[in-house]
Amino acid sequence: MIKGKKKKIKALVTKVGLDGHDRGAKVVASMLKEAGMEVIYLGMFQMPENIVKAALDEDVDVIGLSYLSGEHLIFTPLIVEEMKKNGLDNVLLVAGGTFPAEDIPTMEEMGIDKVFRAGSLSESFVEYIRDNVKE
Amino acid sequence: MTGKNNANEVNWDDYLKAYYEKPSSFKSWSGYDIKEIYTPEDSPDEKYEEKIADAGKYPFTRGIHANMFRGRLWTKREVVGIGSPADTHDRLQYLVEQGGSGLNTIADVTYEMGLDADHPWAVNEVGLTGVNITNIKDMQTLTRDIPLDKVSWSLITASTAASVTMAQYIAVAEDAGYEPAALRGSVQNDPIHFRYCGFRPASPLDLSIKLGSDVMEYCTRNLPKWYFTTVNMYDLREQGITAPQEVAFGFGIAMCYIDELIRRGLNIDEFAPRFTFYVSCHMDIFEEVAKIRAARRMWAKLMKEKYGAKDPRSMHFRFAVHTAGCSLIPQQPLNNIIRVAYEGLTAVLGGVQSLHCCSYDEPMCLPSEKAHLQALRTQQVLAYETGVTNVADPLGGSYYVESLTDKMEEEILKVMKRVEDVGGMEEAIRTEWLDHELESEAVERQKELDDGSKLVVGLNIFKEEQEKETPLGAQRVSSQSAKQQIEEVKELKRTRDMSQVRDAIKRIRDEAGEGKNTIPPMMEATRAFATTGEMLGTVRQVFGYSYDPMNIIESPFD
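## Notes on the overall build of chain A
Now for step 1: Looking only at helices and strands, chain A has five helices and five strands in total.
Now for step 2: Compactness check: chain A gives a C-alpha radius of gyration of 13 Å against a globular reference of 14 Å for 135 residues, within 12% of the reference.
Now for step 3: Considered along the principal axes of its C-alpha atoms, chain A spans approximately 40 × 35 × 25 Å.

Spelled out as structure tokens, the structure:
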């Protein structure tokens, strides 16, 4: 059986901290829905604890973080740590937004499975999630 | 021979396709069908005086000044905001040394939210996207050694915190010996639009109108050279809407403030000459110029016919342009320099008063010093090398541009009518009609990129592997600066005379409660070292909102 066909993929889309740029997060949430996923849109003003709690409560397959205010290196380790603490090892963690190229390997070392920069086409992140959701 | 090897790999069928290639779309950026050629039939000139007129003459379609750039070049005003007030001050001075002609500083997310630097939600993010001014000393640091009666300073605080920014700026200027009447510049002060930039908790609608109008009223009476609002249609456009929606929604928001100022007893000609707008210039050169020309004509008519303005200056649609940040991408980032150059050219062809050219690294990080300088140089090349400053409205009289200007006007009117049909702008905001408009357009924009109906080089055509490094280096924000600012605020809160602060806060509470203008008591409070969060929180409470927009801390004055 093809991965992702077994059940509807459940995705949580969220922003972290005070960053107000939510156009991208909302668009990504819409595109994931159109691709047949179930989407929990947590929206703005979330802290790592809320995000992980919501991911646990909703039993999601993937968390999508949206960063556009240079806060990615500050919050990523906090979220990854919170996920570990709560045993969310089987949840895929992706991030999108505006980052310098130099930070992408750093973010991946910190524990993000895949980083999508502004200017990504929907196909790229939809396919990545379908192919990589963990069992 | 390497040339031969490369030649063997070329796909000559693709080459042939490229040779015979035709454009794939004949629509404008906003989606309107464009004809093959425009002729006198598309733009009959018999109504020239009434509809178009020379620059400097009503309805100002061709520009608000008769001689446009011959009178004065546009202001080259690059936005600055990074780390601490001292860091921001340094970058500001650097750009002035390089020929920048307008100062322009932007609040960070924490300041826009009305949070002090030591607020639990602020501590991680101080200085990441601009500058936080928690107390009067921060404003003193930001303005140190700058002759405030000589410079023109644009203070970008958009939310309800703009009231605090104005109080801090005027207090610092007065204390340094400057007359408020001598101050020249602008404050963004458009809290209504800021709801749509994610700052809803800091911009409740009634408080936005109240505090926004307090700034406008105070400046009208005391700072005659100050532009007290920059209604920000640019930020709305960045949400993904079309050119006509940008103008229509911007006008709708502007009218919310105008109606309130009239309700307060001001005459339209007393304050309208100090209204300004922030406009986007996106990638479609002619549509954007037409949009600007239509906006100028429509604003003049609106002021004259709807509001009964008599002073021609009240009818001037004066605007700054911010080149479209959302048109820039991190893929093949040097191409952004070209995009910005076209957008800057568009702004100038449209008769701009003040210009911020995005730096090429906009979709990656705050501008590095090199990128900032390159953006300023883009403006200077435009101003000194291209000849665009010679003549007012160089595209005026083009069959195409005049026809497209009419089209923009027609489409803007349609959107304004839809806003009216839902009960006007305030109602459109309250019912979240406007939210839905913005969100559905943003999804449309993504689909256009996904299906290739809009082409962006490096994004959906001519893609290459991602660069590993930011070409001119990535800008970092000093975490040390933020820590120091946070420590200084804590120290200030420990050492200031609390009885003075209490008295000043009480005066804000009393006067806001009596419906008086909040700027004078805020000026007194900032001098007593009351902080941004304390002043704004107190006003919030008067209006029935939580002291802290994030609902974490309680008022120390209750």
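## Notes on helix α15 (residues 369-385) of chain B
All names here are of chain B.
Now for step 1: Helix length check: α15, at 17 residues, gives a terminal C-alpha distance of 23 Å against a target of 24 Å (1.5 Å per residue), a fit within 8%.
Now for step 2: Residues of α15 that are buried include every one of Ala371, His372, Ala375, Leu376, Thr378, Gln379 and Leu382, and no others. Seen along its axis, α15 keeps its buried residues to an arc of 145 degrees; they face one direction. Those residues of α15 that are exposed and aimed more than 90 degrees away from the buried face are Tyr384 and Glu385.

## Observations regarding the packing of helix α7 (residues 162-175) of chain B against helix α9 (residues 205-222) of chain B
Helix packing geometry: the angle between the two helix axes and the distance between the axes.
Residue and element names in this part refer to chain B.
Now for step 1: It is at 9 Å that the axes of α7 and α9 come closest, and there the two elements cross at 30 degrees. By the criterion of interaxial angle, the relationship of α7 to α9 is roughly parallel. Contact residues: α7 offers Ala162, Ser163 and Met166, while α9 offers Leu211, Asp214 and Val215.
Now for step 2: Residues that form the contact of α7 with α9 fall into these classes: four nonpolar, one polar and one charged.

## So, unusual backbone geometry
The phi angle of most residues is negative, glycine excepted, and most peptide bonds adopt the trans form.
Now for step 1: The linkage connecting Tyr58 of chain B with the following residue, Pro59 of chain B, adopts the cis geometry, with an omega of 5 degrees.
Now for step 2: Of note, Asp59 of chain A is a non-glycine position whose phi angle comes to about 55 degrees, a positive value.
Now for step 3: Here Asp59 of chain A lies in the loop between α2 (48-58) and β3 (62-67).
Now for step 4: Overall, Asp59 of chain A belongs to the exposed group, with 9 C-beta atoms counted inside 10 Å.
Now for step 5: Phi at Phe60 of chain B is positive, roughly 65 degrees, even though this residue is not glycine.
Now for step 6: Mapped onto the secondary structure, Phe60 of chain B falls in the loop between α3 (48-52) and β1 (75-76).
Now for step 7: For Phe60 of chain B, a count of 25 C-beta atoms within 10 Å puts it in the buried group.

Criteria and thresholds
Residues numbered from 1 in each chain as written. Chains lettered and ligands numbered in written order. Predicted model: local features only at pLDDT ≥ 70, side-chain atom pairs only at ≥ 80, totals over all residues. Helix = DSSP H or I, 4+ residues; strand = E, 2+ residues; numbered from the N terminus. Rg over C-alpha atoms; globule rule 2.2 N^0.38 Å. Expected span 1.5 Å × (residues − 1). Buried ≥ 20, exposed ≤ 12 C-beta atoms within 10 Å, placed from the backbone. Arc of directions from axis to C-beta. Axes fitted to C-alpha atoms, helices over the stretch in contact; angles between N-to-C directions. Parallel < 35°, antiparallel > 145°, perpendicular 65-115°, else oblique. Contact = placed C-beta atoms within 7 Å. Nonpolar A, V, L, I, M, F, W, Y, C, P; charged D, E, K, R; others polar.

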